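# Analysis of the macromolecular model
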There are 2 protein chains.
Amino acid sequence: MILSIVREREAEMCESNVYIEKDGREELYLENVDILKPEEGRIYMRNLFGEQKYFEGSIKEISLIKHRIILKKD
Amino acid sequence: MILSIVREREAEMCESNVYIEKDGREELYLENVDILKPEEGRIYMRNLFGEQKYFEGSIKEISLIKHRIILKKD
C-alpha cells in the first residue's frame with residue numbers, strides 16, 4: 001500500500017515546469033511537462049494533461065532534480 | 001516519517017538516463033542525469049554523483065515520466 005503511494009507520487013512528480021528566459025527573468029510557460037522534443041527552430045512539449053505547446057527557440061538548461069526546464073529565444 | 005521517505009524517493013528518482021540513438025538502437029550513455037545543457041554543437045550533462053560528460057550532438061527527445069533522454073549525432 002505504502003509502496004503503491006510512493007510509486008504513484010514518483011510518476012506524478014517527475015515531470016518538470018518549463019520556463020522561458022526573458023530579459024534575465026524566467027517566466028512560467030507550461031507546467032507538468034512530460035515530453036520535450038526539439039524540432040527545426042522550435043521546441044515541442046506536451047504535459048501530463050495532454051496540453052501541447054510549441055516555443056520558437058531552444059533549450060537553455062534542464063535541471064531534473066529542481067524540476068525546471070529553461071528555454072530561450074535564439 | 002513516511003512523508004520523509006516519499007520526499008527522499010522523489011528527489012532520487014526524478015533524474016533520467018541518457019541514451020544515444022545509433023543505427024536505430026538506443027545505447028545507455030549516462031545514468032541518473034540531473035543537469036543537461038546544450039552548448040555549441042554538444043550537450044553537457046552531469047549526474048547525481050557529479051560525473052560529467054559531453055556528447056557531440058543534440059537532443060532528440062525527452063520523456064520525463066519514462067526517465068529517458070535520447071540524444072543523437074547531428
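Residues numbered from 1 in each chain as written. Chains lettered and ligands numbered in written order. Predicted model: local features only at pLDDT ≥ 70, side-chain atom pairs only at ≥ 80, totals over all residues. Heavy atoms only, no water.

Residue-level pLDDT values for chain A average 89, and 84% of them are 70 or greater. When pLDDT is averaged over each element of chain A, strand E4 (residues 52–56) of chain A comes out on top at 98 and helix H1 (residues 2–13) of chain A at the bottom at 55. (pLDDT = per-residue confidence, 0-100. Helix = DSSP H or I, 4+ residues; strand = E, 2+ residues; numbered from the N terminus.)

Overlaying chain A on chain B yields an RMSD of 0.0 Å, the required transformation being a rotation through 180° with an accompanying axial translation of 0.0 Å. Here the symmetry operator amounts to a two-fold rotation axis. Within chain A, the C-alpha atom positioned nearest to the axis of rotation is that of Cys14(A), 2.5 Å from it. In this assembly, 100% of the residues forming the interface of chain A have copies in chain B that are likewise at the interface, indicating an isologous arrangement. (Least-squares fit on C-alpha atoms with pLDDT ≥ 70 in both. Contact = heavy atoms within 4.5 Å.)

A few words on the state of the cysteines. Taken as a whole and judged by the stated rule, the model has one disulfide over all chains. Bridging Cys14(A) to Cys14(B), the disulfide has an S-S length of 2.4 Å. Here the disulfide of Cys14(A) and Cys14(B) is left-handed, its torsion about the S-S bond being about -80°. Residue Cys14(A) is found in the loop between H1 and strand E1 (16–22), and its partner Cys14(B) is found in the loop between helix H1 (2–13) and strand E1 (16–22); the two belong to separate chains. Side by side, Cys14(A) and Cys14(B) carry an identical accessibility label, which is buried. (Disulfide = S-S within 2.5 Å. Buried < 20%, exposed > 50% of the residue type's maximum accessible area, 1.4 Å probe, protein only.)

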